[in-house]
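Each chain, written out:
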Amino acid sequence: MARTREFDTEAAVSRAMELFWARGYEATSVRDLTGHLGIGQGSLYAAFGDKDGLYRAALEYYRTTLAAVALRSLDEGADARSAIRTMLVERVRIAVELDGRGCLLVNAVCERLPGDPATRRTVRDVQDASRRALADVLRVAAERGEIPATSDPDTLAAFLVTFLNGLLVSSKITPDVRALEPLVEVALAALG
């Protein structure tokens, strides 16, 4: 008779996400994970397959929680510049918290690529969603006259995603929102 799982997998993934975010994939052992999650090794393997499976689940959890919230915040701005500014600054704020741990997805790219196709797919999905959401905001902004009608929303959105990735890497070097925030203004100037 199979035993029923005795732990909350979503809570375990959330806690694993925090550990991977703080330490990185390579520096986090299965022993670290089982100790942090308060589960046995057999339970970890039964629920997630292996450390890679738990890591992928943690990246997916990050995508559906923190990254999704950042995209939803784009809909809350009164104008495109304000919405984009708020989203960029908020992402930097999250990245510099807890001793400048950065962005889990950017960290994953730096640590795991090019050798981990699953991580590449997850991060590409997040970046594609970010680019689409930003392009939609910029299309509306062009229609309202907030940015030049001749602007290419897709190219500007791709630039902003690329800029954000670089900014998140820089936040690990300089974990100070006040030092990085003026760079957001420079990026916003590219909107025209």
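Please refer to the structure higher up on the page.
Bear in mind that the values here come from a model prediction, so they are computed numbers and not experimental data.

## Thoughts on the overall build of the protein chain
Then, in step 1: Summing up its helical and strand segments, the protein chain has nine helices and zero strands in all.
Then, in step 2: Start at the N end of the protein chain and walk to the C end: the helices and strands fall as α-α-α-α-α-α-α-α-α.
Then, in step 3: Judged by the C-alpha coordinates and their principal axes, the protein chain covers about 65 × 35 × 30 Å.
Then, in step 4: Counting all 192 residues of the protein chain, 45% fall into the buried class.
Then, in step 5: Restricting to contacts in the protein chain with at least 6 residues of sequence separation, those with at least 24 account for 67%.
Then, in step 6: When the accessible area of the protein chain is evaluated, it comes to approximately 9900 Å², of which 52% is carbon and sulfur surface.
Then, in step 7: Of note, the protein chain has its 24 positive side-chain charges centred 4 Å away from the centre of its 27 negative side-chain charges.

## Brief notes about the packing of helix α3 (residues 41–48) against helix α4 (residues 51–72)
Then, in step 1: For the pair α3 and α4, interaxial distance at closest approach is 8 Å and the crossing angle is 60°. Taken together, the axes of α3 and α4 lie oblique to each other. In this structure, α3 crosses over α4, and the sense of that crossing is left-handed. Facing α3, whose interface residues are L44, Y45 and F48, α4 presents K51, G53, L54 and A57.
Then, in step 2: For the contact of α3 with α4, the per-class residue count stands at five nonpolar, one polar and one charged.

## Thoughts on the side chain of S171
Then, in step 1: Along the chain, S171 falls in helix α8 (residues 153–173).
Then, in step 2: Ignoring anything within four residues of it in the chain, the contact list for S171 reads A95, V96, G102 and L180.

## Description of the packing of aromatic side chains
Then, in step 1: Scanning the entire structure with this criterion turns up five aromatic pairs.
Then, in step 2: Geometrically, the ring pair formed by F20 and Y25 is stacked, given 6.1 Å between the ring centres and 15° between the ring planes.
Then, in step 3: Under the relative-accessibility criterion, F20 is labelled buried at 2%.
Then, in step 4: Classification of Y25 as buried rests on a relative accessible area of 8%.
Then, in step 5: Seen in terms of ring centroids, F159 and F163 are 6.2 Å apart; in terms of plane orientation they differ by 25°. Their pairing is stacked. One end of the pair, F159, and the other, F163, are both in helix α8, four residues apart, so they sit about a helical turn from each other.
Then, in step 6: Using a relative accessible area of 36% as the deciding quantity, one classes F159 as partly exposed.
Then, in step 7: Through a chain of ring-to-ring contacts, the aromatic side chains of F20, Y25 and Y55 assemble into a single cluster.
Then, in step 8: A cation over an aromatic ring shows up here: K51 above the ring of Y25, its NZ or CZ 4.1 Å from the ring centre.
Then, in step 9: The aromatic ring of W21 is capped on one face by R101, whose charged end is 3.6 Å from the ring centroid.

Definitions and cut-offs
Residues numbered from 1 in each chain as written. Predicted model: local features only at pLDDT ≥ 70, side-chain atom pairs only at ≥ 80, totals over all residues. Heavy atoms only, no water. Helix = DSSP H or I, 4+ residues; strand = E, 2+ residues; numbered from the N terminus. Buried < 20%, exposed > 50% of the residue type's maximum accessible area, 1.4 Å probe, protein only. Contact = heavy atoms within 4.5 Å. Areas by Shrake-Rupley, 256 points an atom, 1.4 Å probe, with all protein chains shown as cover. Lys, Arg positive; Asp, Glu negative; His and termini not counted. Charge placed at Lys NZ, Arg CZ, Asp CG, Glu CD. Axes fitted to C-alpha atoms, helices over the stretch in contact; angles between N-to-C directions. Parallel < 35°, antiparallel > 145°, perpendicular 65-115°, else oblique. Left-handed = near helix turned anticlockwise from the far one by under 90°. Nonpolar A, V, L, I, M, F, W, Y, C, P; charged D, E, K, R; others polar. Phe/Tyr/Trp six-rings, centres within 6.5 Å; stacked < 30°, edge-to-face > 60°. Lys NZ or Arg CZ within 6 Å of the ring centre and 35° of its normal.

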